[in-house]
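Inside the fold
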Amino acid sequence: MKILGWVTLLVFATAVFASTEDPIAVALLTEANFDSLVINSTQNWFIMFHAPWCPHCVRLKPTWADLTTEVSKFNVRMAWINCDDNPLLKDRFAITGFPTLLYFSNGKYYEYSGKRDLELLANFAKGGYKSVSAEDIPTQPSSLRLFWRIFVKSIARFVDMFETNPTLAWGIVAAGIVMMVLSCCISEWIVQKMERKYAPNGAHSPPRTASASASEPQPVSNSGKTKQD
């Protein structure tokens, strides 16, 4: 019985160790281990930046886990990063939407923007990433540089939306135009109201004082005498 107990314990410990060290498992990356595992790695990494409250991320997670067996033969590790728990990584890569899928290889990274289909994702990881532009892996950016990167990335996403979802894109444009018109109308109404409130009554000049009236020249009659009021 003791031998059986020790064997059971050994099998259990082996299973636990294998589950934590399994290269096929999806890795959980954080701000503490990102650079050591990804930047300094000889492997390629396909990483999902996600938020736990995002429904698109929740739907993609099973597919992301299935990708591990598809790409493990190609020296690719799968991972995900919770951006709520790792805001510095979120800012570092200017993540503006979830999920954001980035592929890391040889000191560069490539953003996947296609459909979240198992086959398409696998093809991207196996070599399709080479068809998109490579970006240098950034260090922690300054606030101004971060704002500019987020602005440029947001514009690029909006331009892509005209191809992927033109109805939504034009709807956003129409809503923006309506908001601009309303803002102009409200601003003009406020300006006019302020002018009426603070302008002199009836747009008349202020009344003359007695000293001012006395200093003004009086009209002269034909007899040479000053004409009194």
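Above this note sits the structure.
This report concerns the structure included in the present document.

Quick notes on the rules
- Residues numbered from 1 in each chain as written.
- Predicted model: local features only at pLDDT ≥ 70, side-chain atom pairs only at ≥ 80, totals over all residues.
- Heavy atoms only, no water.
- Core = buried A, V, L, I, M, F, W, Y, C linked by side-chain atoms within 4.5 Å.
- Buried < 20%, exposed > 50% of the residue type's maximum accessible area, 1.4 Å probe, protein only.
- Contact = heavy atoms within 4.5 Å.
- Phe/Tyr/Trp six-rings, centres within 6.5 Å; stacked < 30°, edge-to-face > 60°.
- Helix = DSSP H or I, 4+ residues; strand = E, 2+ residues; numbered from the N terminus.
- Patch = residues over 30% accessible without salt bridge, like charges linked within 9 Å, V, L, I, M, F, W, Y side chains within 5 Å.
- Areas by Shrake-Rupley, 256 points an atom, 1.4 Å probe, with all protein chains shown as cover.
- Salt bridge = Lys/Arg side-chain N within 4 Å of Asp/Glu carboxyl O.

Right, let's get into the nonpolar core. Here is a general trend for soluble globular proteins: nonpolar side chains tend to be buried in one another's company. Counting 20 residues, the largest nonpolar core has L29, F34, W45, I47, F49, F93 and F104 as the members making the most contacts within it. Beyond its immediate stretch of four places on either side in the chain, F34 contacts L29, I39, I47, I81, L89, R92, F93 and F104.

For the structure on display, the rule yields 15 aromatic pairs. Measuring from ring centre to ring centre gives 6.5 Å for F46 and Y112, while their planes differ by 75°; the resulting arrangement is edge-to-face. Of this pair, F46 sits in strand 2 (residues 44-50) while Y112 sits in strand 5 (residues 108-112); the two residues are 66 residues apart in sequence, bridging distant segments of the chain. By the burial criterion, F46 is buried, and Y112 matches it. Taking 5.6 Å as the distance between ring centres and 90° as the angle between the ring planes, the aromatic pair formed by W53 and F98 counts as edge-to-face. One end of the pair, W53, is in the loop between strand 2 and helix 3 (55-71); the other, F98, is in the loop between helix 4 (87-92) and strand 4 (100-105), with 45 residues separating them in the sequence.

The next point concerns the environment of K61. Topologically, K61 is positioned in helix 3. Setting aside anything within four residues of it in sequence, one finds K61 in contact with M48, H50 and W80.

Moving on, we get to a nonpolar patch on the surface. Together, V178, M179, L182, I186, W189, I190, M194 and Y198 give the surface a local cluster of nonpolar side chains, amounting to about 850 Å² of exposed area. Inspection of the secondary structure assignment puts W189 in helix 7 (residues 166-198). Among the residues examined, W189 registers a relative accessible area of 49% and is labelled partly exposed.

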